[in-house]
4 protein chains.
Amino acid sequence: MVIVMKAKASQDQINNVEKLLKDLKLGVHVSIGSERTIIGVIGDKRKLADTPLEIMPGVDRLVPIMEPFKLVGKTFKPESSIVTVGDVEIGGNSLVMMAGPCAVESQEQLMETALFLRDQGVQFLRGGAYKPRTSPYSFQGLGEEGLKLLAEVRKETGMLIVSEVVSNDSLEKAIKYVDVVQVGARNMQNFDLLQNVGRSKMPVVLKRGLSSNIEEWLNAAEYIMGEGNYKVILCERGIRTFETYTRNTLDLSSVPIIKETSHLPIIVDPSHGTGKWNLVTPMARAGIAAGADGLMVEVHPNPQTALSDGNQSLNFESFKTLVDEIQKIAPILKREFSK
Amino acid sequence: MVIVMKAKASQDQINNVEKLLKDLKLGVHVSIGSERTIIGVIGDKRKLADTPLEIMPGVDRLVPIMEPFKLVGKTFKPESSIVTVGDVEIGGNSLVMMAGPCAVESQEQLMETALFLRDQGVQFLRGGAYKPRTSPYSFQGLGEEGLKLLAEVRKETGMLIVSEVVSNDSLEKAIKYVDVVQVGARNMQNFDLLQNVGRSKMPVVLKRGLSSNIEEWLNAAEYIMGEGNYKVILCERGIRTFETYTRNTLDLSSVPIIKETSHLPIIVDPSHGTGKWNLVTPMARAGIAAGADGLMVEVHPNPQTALSDGNQSLNFESFKTLVDEIQKIAPILKREFSK
Amino acid sequence: MVIVMKAKASQDQINNVEKLLKDLKLGVHVSIGSERTIIGVIGDKRKLADTPLEIMPGVDRLVPIMEPFKLVGKTFKPESSIVTVGDVEIGGNSLVMMAGPCAVESQEQLMETALFLRDQGVQFLRGGAYKPRTSPYSFQGLGEEGLKLLAEVRKETGMLIVSEVVSNDSLEKAIKYVDVVQVGARNMQNFDLLQNVGRSKMPVVLKRGLSSNIEEWLNAAEYIMGEGNYKVILCERGIRTFETYTRNTLDLSSVPIIKETSHLPIIVDPSHGTGKWNLVTPMARAGIAAGADGLMVEVHPNPQTALSDGNQSLNFESFKTLVDEIQKIAPILKREFSK
Amino acid sequence: MVIVMKAKASQDQINNVEKLLKDLKLGVHVSIGSERTIIGVIGDKRKLADTPLEIMPGVDRLVPIMEPFKLVGKTFKPESSIVTVGDVEIGGNSLVMMAGPCAVESQEQLMETALFLRDQGVQFLRGGAYKPRTSPYSFQGLGEEGLKLLAEVRKETGMLIVSEVVSNDSLEKAIKYVDVVQVGARNMQNFDLLQNVGRSKMPVVLKRGLSSNIEEWLNAAEYIMGEGNYKVILCERGIRTFETYTRNTLDLSSVPIIKETSHLPIIVDPSHGTGKWNLVTPMARAGIAAGADGLMVEVHPNPQTALSDGNQSLNFESFKTLVDEIQKIAPILKREFSK
């Protein structure tokens, strides 16, 4: 932490800041500049978390120097983490693919989709049983019934299951049926849910919030890890900007940034990230090329009749093309994806 | 809803869309333009909520015509709603003032603040017992202990209490101690919490999400009202933009927009909306001048030692100035605020 | 400037940075922290403007301490500047009002509007002769013909004239006909134009760019002042956000921020700032309440037939209401506005 | 264009709108819905460009149906355009690479860089002679002197030259020395410059504005093409968002969107798009994977001493890696890039 004093800060004001820091047993370095004095603070900055130095007389502003998180950072763990679910490794040499319908609709739909996806090398079937919808009048998901359908498909196909949780209640239920829970963009700062996911020790896909910067996203992961759950997979799904052509702006630069600052695996969701099915394959290619560990993609046997987000879902044929292209790009990144 | 067909849509494609709509018992108007055909849809659009018309062959895009919400809209209820709590009316002729520390710290702090604020005409003491914090290492609030302190102050001072809830558990506890619950920006789309707040029938301050547009905000209110709780007070608290000088960009244009589209009362929070105590009073004045029904302001006896958001809190002296200026502006808006 | 070294920076790397700074005759303070070393730099930071310290081995990042501008800042000139045009002071005790049609259309339109506005106490007639339009197929303004019409109206009414310049050519022409030139949002970083406006010594209204933060805006003003033209009036006109209800998001917090960091006067344009005529009056009130020195408002005798931006223009009757309300609010801010 | 009437619009109001449209010789389709009437307008919407229908009594809002541009659109020209400069095709089967220092500094620097880049298969040397800088105190480029240095290097190496123009004056000079002019982000809506570039008939790289949506960007290209210059190359270089880790947010979804809506070639600039050299190669890979026709990359023999944007420049070694990876990815997109 560096404290920048105002141009006109008095010596008394500087002394007061210095004293407060020393009282907190923090190291202090004072640099007297040509126009301003700055004060470097050394030691555990958490001692300062709740001291509003910023409004002490003479203080202009504070400049944080160290990252605000611990467990998620490369400083804490320099080598990449691999999250293992069943016999699948996420963040390892093989790319991971999570695919399926936005919302679980029926057993027929799920089974047809699962069998197709398993054939394509997809390891995880995704399907929403609890749907957070902007309007209370939109389809809200089948709830526990949907989870049961997912569990049946797992039994029949051997695929792993990922499904979103939106509350502690849905989390409790999901634990019984799925392999990986997902915390969606709208709940990225639902800290109560994050901590409960942490305590559950369930592997979790943590989506980036619509207007969350990378630091907040990593802090959300820190909430989960702080409860002892290290099985966190980050998922970039687009942020909100002024552009209206796409539903969100998929921020692929978050992929190399996460790889640089954190040891956690990161996947990309080009379906929600664009909101348009015809942009999904190009952005999936781009996501893998940027260094992502895998993809989450919406696939539906008949997108035209889907109960949710149909216009961003691929049909089987388009998904096949996507898989073909990912298979070709993977080796360039020294990764692999096999059907 | 208007369906815009592609420039090259075939007659068959147009017929298919028409047929689907008619099968759903919707009215259909086809306009053949010089370059494109557009199809107007008449009837209950909820029948279409989950039909991805957008990807039907030949369809270019859909244009919604009607508002997606009902209960919150002026069409449903043209006259302004007044939310009554105790003997205070929110949305009526008198301005409402909610003030107090960001976080409840101790009984001394609360009592000192409450007595001062009551003298200033403030009707509601606000204080956070459950604090949603970006980092798990920041002060998280006193929890139920904080609620008890708030309830004691209510007993002694007669002030009404507003406090944030962040989960169903904190909601259940808050119901026992406070007069108004608050749903914060980060939980604006925590639909599970919204519905529980709806069922609780507690008066609620619903803050705008950091990156929520006005339609989403009104839809969040619709979730609460849909459960039969009509005591919703909207609160503008700033949105996220590229500007870094302020913590958020207080979007005061939302005030006249809400007044135009909804019957619900709206207040403004210039403390979170700017993040800097020296911007609070000018933006409070501006909020009232824009037509807000009241303010929510952070006040602390000694902001310099506050455990949370100290640098955006007013001290007693600055708050007095704010009240003086609000009292002068109120009559121009044909409102009043009396100490 | 503070240089934050990486956690693992070697002593050699630290020494290299120190040496480079000393070679540039800059003062250096090295603070060795528990995890990182930080280096304070003292002296004229412009020596560093083009040295990419940021990529020297061992350097993590740079933290600027001082403002990047000089002439526009309060440090340079602590007391507020008053820009005098004719016998009107902008930034003084009286509020300034600039009003008129978005685009000059005809002499009748201009004259009718000018006579009405003069009666209302408006000091400046605004009218666009050169219109920067997103599409080349929209009305682009009457050019020099429009300037001549404005000059005629000045002669007849005695009103001062403000009109936008979009190029060096239009600037040269405008100088002959108007009292104040305006640089619009799209040209806020057209540095060539800014410098020519600076050399012209013409009073100038400098609008904030659609996605410019306050520091960039002040730097744009610095370009003008750097050429010896101190007659700069800033104008907040809204920034671009994700909100789609309004054309822009009027960022009124920029008003008190400018008042705190700069000595320049600032006015608010609620017409472009919202894009909707029915939001203009509430936001005009709010702008003055936030501390602005005046307003720029679009007024048209018959907005329904306006050739540009008709739906954000007030008609005469609505403008009268606006003036009435501003007259009532002014005294609260210890300002005045007289018809 | 569709006109949505208010829920309570009277029959008279509907008739008035209908009459106005018919007077303009536009086709009209009226659909009477359950709650609202909507009016479809058929014919040349430019007749309506300056008629503020939006404020006619009873009108709620207007919904544009057709694209606002012509020449840049796929409707006008369905097949992809190839821009030929010298013997290089941009938008054809081969990827194009434009690389070089942000700013021209000296002949040695340029020559060393050019020889290296030519060896790597780079067709265009880029180098800024006119630099638009946020602060007037930053290095502004060598001006015509810089252009001369670029022209000398062209003579010696045979490389094609691309350089930014920031004003009509710099455009006139650049025409004499370079092969392609560049209009930067800050000038994307400097319509006067765009039209002059159009008249010059020079091939042009048109960068996307910092806060421009895709429609505005295409409209800027329309300004150039409207003057008869069809040699326009679009360049995505990042937009402004709330994220502060990167200088801009590179919006790669613009690549497939442009490919879908326009026939113009598009390249990606990952250097300005991220502002951090270590993100350049991953985002370059991602850009090509998204379907871009080429790249513009900053390369400097010694980024540490660069006079401008050093921390986003690649050194020779890093650029070699980039080229190697692009060569591997190209065939997957059925493109090629040869040294």
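Refer to the structure above for everything that follows.
Here's what I pulled together on the structure shown here. (Residues numbered from 1 in each chain as written. Chains lettered and ligands numbered in written order. Predicted model: local features only at pLDDT ≥ 70, side-chain atom pairs only at ≥ 80, totals over all residues. Heavy atoms only, no water.)

Residues and elements named next belong to chain D. Read across the open sheet, the four strands follow the order β2-β3-β1-β4; overall the sheet is antiparallel. What marks the edges here is a single partner per strand, and that holds for β2 (27–32) and β4 (59–63). Ignoring strand direction, the axes of neighbouring strands in this sheet form an average angle of 20°. Here strand β1 (residues 2–5) pairs with strand β3 (residues 37–42) via three bridges, running antiparallel. Bridged to Val4 within β3 is Ile38. (Pairing = 2+ DSSP bridges. Helix = DSSP H or I, 4+ residues; strand = E, 2+ residues; numbered from the N terminus. Axes fitted to C-alpha atoms, helices over the stretch in contact; angles between N-to-C directions.)

Turning our eyes to something else, we now look at the relation of the copies chain B and chain A. Put simply, the second copy of the chain is the first one after a rotation about an axis and a shift along it. Superposing chain B onto chain A takes a rotation of 180° plus a shift of 0.0 Å along the axis, which leaves an RMSD of 0.1 Å. Both chain copies can therefore be described as sitting about a two-fold axis. No C-alpha of chain B lies nearer the rotation axis than that of Ser211 of chain B, which sits 2.9 Å from it. Looking at chain B, 98% of its interface residues are interface residues in chain A too, so the copies touch through the same face. (Least-squares fit on C-alpha atoms with pLDDT ≥ 70 in both. Contact = heavy atoms within 4.5 Å.)

Attention now moves to the interface of chain B and chain A. Facing the 44 residues of chain B at the interface are 43 residues of chain A. Buried area between chain B and chain A, both sides added, is near 3,900 Å², and the carbon and sulfur share of it is 52%. The partner of Arg240 of chain A in a salt bridge is Glu216 of chain B, with the nearest N and O atoms 2.7 Å apart. Scanning the region where chain B abuts chain A turns up 15 residue pairs in polar contact (both at pLDDT 80 or more). Those elements that provide at least two residues to the side of chain B that touches chain A are α5 (191–200) and α6 (214–225) of chain B. In terms of residue count, the dominant contributor to the side of chain B that touches chain A is α6 of chain B (four residues). When grouped by side-chain class, the residues that make up the side of chain B that touches chain A number 18 nonpolar, 16 polar and 10 charged. (Buried area = accessible area lost by both parts, 1.4 Å probe. Salt bridge = Lys/Arg side-chain N within 4 Å of Asp/Glu carboxyl O. Polar contact = N/O pair within 3.5 Å; in protein donor to acceptor, adjacent residues only side chain to side chain. Nonpolar A, V, L, I, M, F, W, Y, C, P; charged D, E, K, R; others polar.)

This next bit is on the relation of the copies chain C and chain B. Once turned by 180° and shifted 0.0 Å along the axis, chain C lies on chain B with an RMSD of 0.1 Å. Looking at chain C, 100% of its interface residues are interface residues in chain B too, so the copies touch through the same face.

Here we come to the sheet that holds strand β3 (residues 37–42) of chain C. All names here are of chain C. Judged by pairing direction, the sheet is antiparallel, and its four strands sit side by side in the order β2-β3-β1-β4 without closing on themselves. Whereas interior strands pair on both sides, the edge strands pair on one side only; in this sheet they are β2 (27–32) and β4 (59–63). The average angle at which neighbouring strand axes cross in this sheet is 20°, direction not considered.

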